[in-house]
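What follows is the residue order along each chain.
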Amino acid sequence: MVTRAEFRSYYGRPILKRPAWKVPDVPGYLFLGGTAGASASMAAVAELTGRRELAGTGRWVAAAASTAGVAALVHDLGRPERFTHMLRVLKPTSPLSVGSWILAPFSALATASAASQATGRLPGLGRLAALGAGLLGPAMCTYTAVLLSDTAVPAWHEAYPELPYLFAGSSLTGAAGAALLCAPAADHGPPTRMGLLGTGMEIAATRRIERRLGLVGEPYVTGRPGRLLTLGKALAGAGAVLSLLPGRRAVPALAGGAYLAAGLCTRFGIFAAGIASAQDPVYVVTPQRQRPHPGGGPS
């Protein structure tokens, strides 16, 4: 096993090139896309169960978050046409290609459903668009986790079994937070349950990453990424507790704000952990040395 004390790289330089994705564009998109996806699915379920006001809230949040997320993604790419270029071919083996084909129709459907609601025109098509966005919602919540895991960045790649669950949980708390802030009090039951489920998923997945990855999991618990992720877990827990307390508008609003802040901290923390692991050669070499080789046993 490689230990930090004995490991050296040539001239102490990183082995991997630092990901070119920008901050806050990409971690912001991770948060916005997940919140949009979970909000669209919440809106679809609310529509089917007769909760029209909650459905309307979910449709607005999904449209606003997906639009802002696309704007952040295009800003990161530098030129809008680069996004459209990703839609020229659908390559099932490429998470980036599949993700582009999830994002584009989802954003179009979410925006169409919100536009129909705002104008009162074509309500039937608006509901169909909302249901379509809801069906794509789970993929919106998790495809970015697959995208990160498919890179060579150690902290992301080695956490591939847990990241989809972590992203799904964080997406649920984000959507729950937005609903607790914007939906009428009579409709707070479903988002409260969403928030509790999301908090449990997020905390469980984060703790499993910290335990299972060993040395490669250090970036998740140390430095700035560790502080962000710790704060994210604390805020998610606070949101869960606040959402269960009786009270007037201020209590659900505080719970919603805590959930949204938790989502931001979690996504920025995960992104920062990946960058930190790419810049330290020991995180790159350790997993390679520990993998079994044809001759048997770790190298």
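Worth saying up front: this structure is predicted, and the values here are computed from it rather than measured.

**Student:** Explanation requested: the overall build of the protein chain in the structure shown.
**Tutor:** Across its full length, the protein chain holds 11 helices and 0 strands. In sequence order, the protein chain lays out its α and β elements as α-α-α-α-α-α-α-α-α-α-α. Counting all 299 residues of the protein chain, 52% fall into the buried class.

**Student:** So what exactly am I meant to see when it comes to the packing of helix α5 (residues 123-149) against helix α7 (residues 163-182) here?
**Tutor:** The description of two helices packed together rests on the angle between their axes and the distance between the axes. As a packed pair, α5 and α7 sit with axes 8 Å apart at the nearest point and diverge in direction by 145°. α5 and α7 meet at a crossing whose hand is right-handed. Of the residues in α7, those in contact with Cys141, Thr142, Thr144, Ala145, Leu148 and Ser149 of α5 are Leu163, Pro164, Phe167, Ala168 and Ser171.

**Student:** Looking at this model, I keep getting lost on the pattern of salt bridges. Mind explaining?
**Tutor:** Where charged atoms of side chains with opposite charge meet at close range, the side chains can pair. One pass over the structure, following the stated rule, counts 6 salt bridges. Where Glu162 meets Arg212, a salt bridge forms, and the shortest distance between an N and an O atom there is 2.6 Å. Here Glu162 is found in the loop between α6 (154-157) and α7, whereas its partner Arg212 is found in helix α8 (residues 189-212), with 50 residues between them in sequence. Using a relative accessible area of 3% as the deciding quantity, one classes Glu162 as buried. Assessed through its relative accessible area of 36%, Arg212 is described here as partly exposed. Across the pair Lys233 and Glu210 runs a salt bridge, and its minimum N-O distance is 3.1 Å. Placement of the pair is Lys233 in helix α9 (residues 223-244) and Glu210 in helix α8, with a sequence separation of 23 residues.

**Student:** I tried to follow the nonpolar core on my own but got confused; where do I start?
**Tutor:** Generally speaking, soluble globular proteins have nonpolar side chains that are buried together. Counting 22 residues, the largest nonpolar core has Trp156, Leu163, Leu166, Phe167, Ile209, Tyr220 and Ile270 as its most contacted members. If you list the elements that add at least two residues to this core, you get α1 (25-48), α5, α6, α7, α8 and α10 (250-279). With 5 residues, the top contributor of residues to this core is α10. Residues contacting Leu163, with those up to four places away along its chain left out, are Ala145, Ser149, Trp156, Ile209, Tyr220 and Ile270.

**Student:** What is the right way to read the side chain of Ser113 from this model?
**Tutor:** With respect to the secondary-structure elements, Ser113 resides in helix α4 (residues 95-119). Residue classification places Ser113 among the buried positions, given a relative accessible area of 2%. Within the local environment of Ser113, its side chain forms a polar contact with the backbone oxygen of Ala110, the two atoms lying 2.8 Å apart. Setting aside its immediate chain neighbours within four residues, Ser113 contacts Arg59, Gly126, Ala129 and Ala130.

**Student:** Even after reading the chapter, I still don't get the packing of aromatic side chains, so can you show me in this structure?
**Tutor:** Summed over all chains, the structure comprises 2 aromatic pairs. With 6.0 Å between their ring centres and 25° between their planes, Trp21 and Trp156 make a pair best called stacked. Here the residue Trp21 occupies a position in the segment before α1, and Trp156 occupies one in helix α6, the gap between them amounting to 135 residues. Judged by its relative accessible area of 27%, Trp21 falls in the partly exposed class. By relative accessible area, Trp156 is classed as buried at 0%. Both rings, one in Trp156 and one in Phe271, keep their centres 5.7 Å apart while their planes meet at 40°; by these two values the pair is tilted.

**Student:** Whenever I open this one, the environment of Val251 confuses me. Can you help?
**Tutor:** Its location among the elements puts Val251 in helix α10. Spatially, the C-alpha atom of Val251 lies 9.6 Å from that of Gly239, the residues being 12 residues apart in sequence. Those residues in contact with Val251, other than ones at most four positions away along the chain, are Leu242, Leu245 and Pro246.

**Student:** When you look at α10 in this model, what are you seeing that I'm missing?
**Tutor:** Three or four residues apart is the spacing at which side chains of an α-helix point the same way, because the helix has 3.6 residues per turn. An ideal rise of 1.5 Å per residue puts 44 Å on 30 residues; α10 measures up with 43 Å between its terminal C-alpha atoms. Burial analysis of α10 places 22 of its 30 residues in the buried class, which makes it a mostly covered element.

**Student:** Even after reading the chapter, I still don't get a nonpolar patch on the surface, so can you show me in this structure?
**Tutor:** A surface patch of nonpolar side chains, about 330 Å² in accessible area, is lined by Leu122, Leu125 and Leu128. As for its placement among the helices and strands, Leu128 is situated in helix α5. Overall, Leu128 belongs to the exposed group, its relative accessible area being 54%.

**Student:** Explain unusual backbone geometry to me, please; I cannot follow it from the model alone.
**Tutor:** Trans is the common state for peptide bonds, and a negative phi is the common state for residues other than glycine. With omega at 10°, the peptide bond leading from Val23 into Pro24 counts as cis. Relative to the assigned elements, Pro24 resides in the segment before α1. Non-glycine residue Leu122 carries a positive phi angle of around 50°. Here Leu122 falls in the exposed class, since its relative accessible area comes to 59%.

**Student:** How should the packing of α1 against α7 be read in this particular structure?
**Tutor:** Between α1 and α7, the least distance of the axes is 7 Å, while the angle of their chain directions is 70°. On the basis of the axis angle, α1 is roughly perpendicular to α7. The hand of the α1/α7 crossing is right-handed. On α7, the residues touching Leu30, Gly34, Thr35, Ala38, Ser39 and Met42 of α1 are Phe167, Ser171, Leu172, Gly174, Ala175 and Ala179. Of the residues that constitute the contact of α1 with α7, the class distribution is 7 nonpolar, 5 polar and no charged.

The rules behind these values
- Residues numbered from 1 in each chain as written.
- Predicted model: local features only at pLDDT ≥ 70, side-chain atom pairs only at ≥ 80, totals over all residues.
- Heavy atoms only, no water.
- Helix = DSSP H or I, 4+ residues; strand = E, 2+ residues; numbered from the N terminus.
- Buried < 20%, exposed > 50% of the residue type's maximum accessible area, 1.4 Å probe, protein only.
- Axes fitted to C-alpha atoms, helices over the stretch in contact; angles between N-to-C directions.
- Left-handed = near helix turned anticlockwise from the far one by under 90°.
- Contact = heavy atoms within 4.5 Å.
- Salt bridge = Lys/Arg side-chain N within 4 Å of Asp/Glu carboxyl O.
- Core = buried A, V, L, I, M, F, W, Y, C linked by side-chain atoms within 4.5 Å.
- Polar contact = N/O pair within 3.5 Å; in protein donor to acceptor, adjacent residues only side chain to side chain.
- Phe/Tyr/Trp six-rings, centres within 6.5 Å; stacked < 30°, edge-to-face > 60°.
- Expected span 1.5 Å × (residues − 1).
- Patch = residues over 30% accessible without salt bridge, like charges linked within 9 Å, V, L, I, M, F, W, Y side chains within 5 Å.
- Areas by Shrake-Rupley, 256 points an atom, 1.4 Å probe, with all protein chains shown as cover.
- Parallel < 35°, antiparallel > 145°, perpendicular 65-115°, else oblique.
- Nonpolar A, V, L, I, M, F, W, Y, C, P; charged D, E, K, R; others polar.

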